[in-house]
Amino acid sequence: MVRVGIVGPRETGLEVPGGEWLKRKCVRVVEHLAEYDPETVIVSGGATGIDSIAEETAKRCGLETKIFLPETGPDGKWINKSAGVARNSKIVADVDRMF
C-alpha cells in the first residue's frame, strides 16, 4: 500500500489556462494508481478543484481516501491565516509520494 498526496489549484475549468488539461491529468493519475495498486490511499486537503477531483475519482475507483481539512472556528472560517499551511504540512507528513 502506498499513500499518495494529491493537491492543486482550485480553478480547474475552462476559466483558467490549462485548467481542463490539469483536471484530466488528475483523473488519469488516480485511475492509473487504482489499476497499479488497488490498496493505494489518496490523501488530499478537501478543497474545491484538484483536491476534490482526486477524492471523487479515488472513491469512484474504489480507493480509500484520507482528507485533511484546515482547522475552522464555529463560523466555518479558518481559525487563522496559517490554517491552510498547517493542513498542507499534515498532508506531506502523511504520504509516501506527493503530486
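Residues numbered from 1 in each chain as written. Predicted model: local features only at pLDDT ≥ 70, side-chain atom pairs only at ≥ 80, totals over all residues. Heavy atoms only, no water.

(A) Region of interest: the overall build of the chain. Helix and strand content of the chain: three helices and four strands. Going from N to C terminus, the chain has its helices and strands arranged as β-α-β-α-β-α-β. The C-alpha radius of gyration computed for the chain amounts to 14 Å, which stays within 12% of the reference 13 Å derived for 99 residues, consistent with globular compactness. Once the C-alpha set of the chain is aligned to its principal axes, its extents read approximately 40 × 35 × 20 Å. Each of the 99 residues in the chain was classed as buried or not, and the buried ones make up 37%. On the chain, roughly 6200 Å² of surface is accessible, and the fraction owed to carbon and sulfur atoms is 55%. (Helix = DSSP H or I, 4+ residues; strand = E, 2+ residues; numbered from the N terminus. Rg over C-alpha atoms; globule rule 2.2 N^0.38 Å. Buried < 20%, exposed > 50% of the residue type's maximum accessible area, 1.4 Å probe, protein only. Areas by Shrake-Rupley, 256 points an atom, 1.4 Å probe, with all protein chains shown as cover.)

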